[in-house]
Amino acid sequence: MARAMKVAIVDDEADMRQSISQWLALSGFDTETYASAEEALKVIGPDFQGVVVSDIRMPGMDGMAFLKRLMGQDSGLPVIMITGHGDVPMAVEAMRVGAFDFLEKPFNPDRMTELAKKATQARRMTLDNRALRKELSDGTTIMKKLIGSSPAIERLREDILDLGQADSHVLIDGETGTGKTLVAHALHAVGPRASKKFVAISCAAWGEDQLAARLFGPAEDGALPLVEEARGGTLCLEDIEALPNALQARLLTFINDQGTPPETRIIAICNQHAPDSTLEQALRPDLFYRLGAMTIVLPPLRSRGEDILTLFTRLSEQFAEEYGCDAPQVTAQEAAQLLQAPWPGNVRQLVNIAERAVLQNRRGSGSIASLLMADNEAAGPALTTEGKPLKDYVEAFERMLIDNTMRRHKGSIVAVMEELCLPRRTLNEKMAKYGLSRSDYV
């Protein structure tokens, strides 16, 4: 869900504060006003959910001192400075210090709106990137993203925890959409290098010369080569199968020069290779054996059983919250269809289906079955999925139904008993059978 951005207006002149506030409010912004920099600093701290509009000339702490204080606590905070006639040199200095932009009085209100829009967009991106970096550096948080209780996903979590503590390089393979990049971040986040940099690049996204410059230098823009930027941390090479032969040789030299244990860990991700070939055939044998000292092969979604229903439920709830509507209620027939689908696009495909199901539900039309049929037809010949006994489908649907009802009623056993028409003892037995605990919902 999009973060609501505020515009903090700081000016000692009440008329100016009110004028700017009213105009931006009419333009759809959520505004706050402050008569002094000192007053504003009581509220505006690091990670402030918005941007600042400030006059330069104010009694007490002036705009320049205010700007320096703001930049000192959060250099990514957009600050738009308002200058009077003749203050342009001061405004230029403000830009050098870190101001987002400046407006000279008298200014065009539409220009103010345009700058506020650009500033809030920039702020939202900054805060989202910070949140993502924090999430991807938190081993506990990122492991929670690996949702499911199937034997395949349990083994994957165990492999991540085990291999995360090791020094050897890791090769991640698996079908498209299975979450290989997420697993690479998790390996870094749960290991001893978690406090160091995680640097990633796609070997398929650049030409050979550009990729060589970005990896090994010298870069045209003077940026640090990625092998140096990642030193002591993790270098993640996505689409490793696309790495040109000449660069495979340079990478092998870099690996050999590091010694044992390596200073920089390399996690290589294979995103696709020809059906009749292996990754071993796509890479130099010596490089393959160095990178593949430890290997993780991610399970396809179709092999994860009732995880499919768990994931669909969580995803549809998240999208329903984002779109401000109810999540679709899955029938027994739809649950069976979700479990039987071949899922050639794996979790990525499931994310798309869940979002479209929520949008359909908001309109009051369509079905999950129609979405699955359309997706599978568009994907062409589908992978086959093994049949399961009827008992497995029934139990998967029953678990999903109890889980959804407990979540909706926030762990109220009485409410769940009434809705599902189950005696307490039967509900307790089924929850124990499916590994569900009331404490997870309260």
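Since this is a predicted model, take the numbers as computed values, not measurements. Sequence positions are assigned chain by chain, starting from 1 and proceeding in written order. It should be noted that, the model being predicted, local features are given only for residues of pLDDT at least 70 and side-chain atom pairs only at 80 or more, the latter also being counted only at that level, while totals for whole chains, interfaces and linings use all residues. Excluding hydrogens and water, the side-chain values take into account all heavy atoms of the structure.

Peer 1: Can you walk me through the sheet that holds strand β3 (residues 50-55) in this structure?
Peer 2: Within a sheet, each strand pairs with its neighbour through backbone hydrogen bonds, oriented either parallel or antiparallel. Strands sit in the order β2-β1-β3-β4-β5 across an open sheet of five strands; the sheet is parallel. On the outer flanks of this sheet lie β2 (30-34) and β5 (101-104), each paired with one strand and no other. Strand-to-strand twist of the sheet, defined as the mean angle between neighbouring strand axes without regard to direction, takes the value 20 degrees. Taken together, the five bridges between strand β1 (residues 6-10) and β2 define a ladder with parallel strand orientation. In the strand pairing of β2, Ala 8 is matched with Glu 32. Together, β1, β2 and β4 (79-83) form the strand contacts of helix α1 (residues 14-26), whose direction differs from that of β2 by roughly 175 degrees. Strands qualify as paired when DSSP identifies two bridges or more between them. Counting from the N terminus, the helices are the DSSP runs of H or I reaching at least four residues and the strands are the DSSP runs of E reaching at least two. Axis geometry follows a simple rule: fit a line to the C-alpha atoms, using only the stretch in contact for helices, then measure angles between N-to-C directions, giving values from 0 to 180 degrees. A contact between two residues is defined here by any heavy atoms of the two lying within 4.5 Å.

Peer 1: What should I look at first to understand the confidence of the model for the protein chain in this one?
Peer 2: A low pLDDT means the predicted coordinates there should not be read in detail. The predictor reports its confidence for every residue as pLDDT, a score running from 0 up to 100. Chain-level statistics for the protein chain give a pLDDT mean of 85 and a share of 90% at 70 or above. Confidence over residues 379-385 falls short of pLDDT 50; this stretch has eleven contacts with residues more than four positions distant or in other chains.

Peer 1: What is the right way to look at the packing of helix α19 (residues 413-420) against helix α20 (residues 424-433) in this model?
Peer 2: The angle between the axes and the distance between the axes are what describe a pair of packed helices. Their axes nearest at 10 Å, the elements α19 and α20 cross at an angle of 100 degrees. Taken together, the axis directions place α19 and α20 in an arrangement best described as roughly perpendicular. Residues Ile 413, Val 414, Val 416 and Met 417 of α19 touch α20, and the partners they reach there are Arg 424, Leu 427 and Met 431. Angles below 35 degrees are treated as roughly parallel, those above 145 as roughly antiparallel, those between 65 and 115 as roughly perpendicular, and all remaining angles as oblique.

Peer 1: Explain helix α7 (residues 151-164) to me, please; I cannot follow it from the model alone.
Peer 2: Because each turn of an α-helix spans 3.6 residues, side chains separated by three or four positions in sequence point in the same direction. Under the 1.5 Å per step criterion, the end-to-end length of α7 is 20 Å for 14 residues, consistent within 8% with the ideal 20 Å. Exposure categories follow from relative accessible area, calculated using a 1.4 Å probe and restricted to protein chains: below 20% of the type maximum is buried, above 50% is exposed, and the middle band is partly exposed. If you check which residues of α7 are buried, you get Ala 152, Ile 153, Leu 156, Arg 157, Ile 160, Leu 163 and Gly 164. With its buried residues spanning 145 degrees around the axis, α7 presents them on a single face. With respect to the buried face of α7, the exposed residues turned more than 90 degrees away are Pro 151, Arg 155 and Asp 162. Here the expected length of a helix is defined as 1.5 Å per residue gap, with one fewer gap than residues. When we speak of the arc, we mean the arc of directions from the helix axis to the C-beta atoms.

Peer 1: Even after reading the chapter, I still don't get unusual backbone geometry, so can you show me in this structure?
Peer 2: Note: most residues except glycine have negative phi, and most peptide bonds are trans. The step from Lys 105 to Pro 106 runs through a cis peptide bond, and the omega angle for that step is -10 degrees. In the segment running from Thr 260 into Pro 261, the intervening peptide bond is cis, with an omega of -5 degrees. With respect to the secondary-structure elements, Pro 261 resides in the loop between α11 (245-258) and β9 (265-269). Backbone geometry places Asp 239, a non-glycine residue, at a positive phi of 55 degrees. On the basis of relative accessibility, which here comes to 13%, the residue Asp 239 falls in the buried class.

Peer 1: I'm lost on the side chain of Arg 157 in this one. Help?
Peer 2: Residue position: Arg 157 is located in helix α7. According to the relative accessible area criterion, Arg 157 is buried, its value standing at 16%. Apart from the residues within four sequence positions on either side, Arg 157 is in contact with Met 143, Leu 146, Ile 147, Gly 148 and Ser 149.

Peer 1: Explanation requested: the side chain of Glu 238 in the structure shown.
Peer 2: Its location among the elements puts Glu 238 in strand β8 (residues 234-238). Positive residues here are Lys and Arg, negative ones are Asp and Glu, while His and the chain termini are left out of the count. Within this document, salt bridges are pairs made up of a side-chain nitrogen of Lys or Arg and a carboxyl oxygen of Asp or Glu, the two lying within 4 Å of each other. The buried charged residue Glu 238 lacks any salt bridge partner; its closest oppositely charged side chain belongs to Arg 348, at an N-O distance of 7.5 Å. Side-chain polar atoms of Glu 238 contact the side chain of Thr 181, separated by 3.2 Å. Once residues within four sequence positions are removed from consideration, Glu 238 is found in contact with Thr 181, Ala 200, Ile 201, Ser 202, Cys 203, Ile 269 and Asn 271. Pairing of N or O atoms within 3.5 Å defines a polar contact, subject to two protein rules: one partner must be a possible hydrogen donor and the other a possible acceptor, and residues neighboring in sequence count only if both atoms are side-chain atoms.

Peer 1: Explain the pairing of strand β6 (residues 170-173) here, please?
Peer 2: The two faces of the sheet receive side chains in turn, since in a regular strand these alternate between them. Residues of β6 alternate between two faces, with Val 170 and Ile 172 on one and Leu 171 and Asp 173 on the opposite face, all of them buried. Here three bridges tie β6 to β9, and the two strands are oriented parallel to one another. In the sheet register, Leu 171 faces β9, and the bridge partner there is Ala 268. Looking at chain direction, β6 and strand β10 (residues 294-297) are connected through four bridges and run parallel. Note on β10: the bridge partner recorded for Leu 171 is Thr 295.

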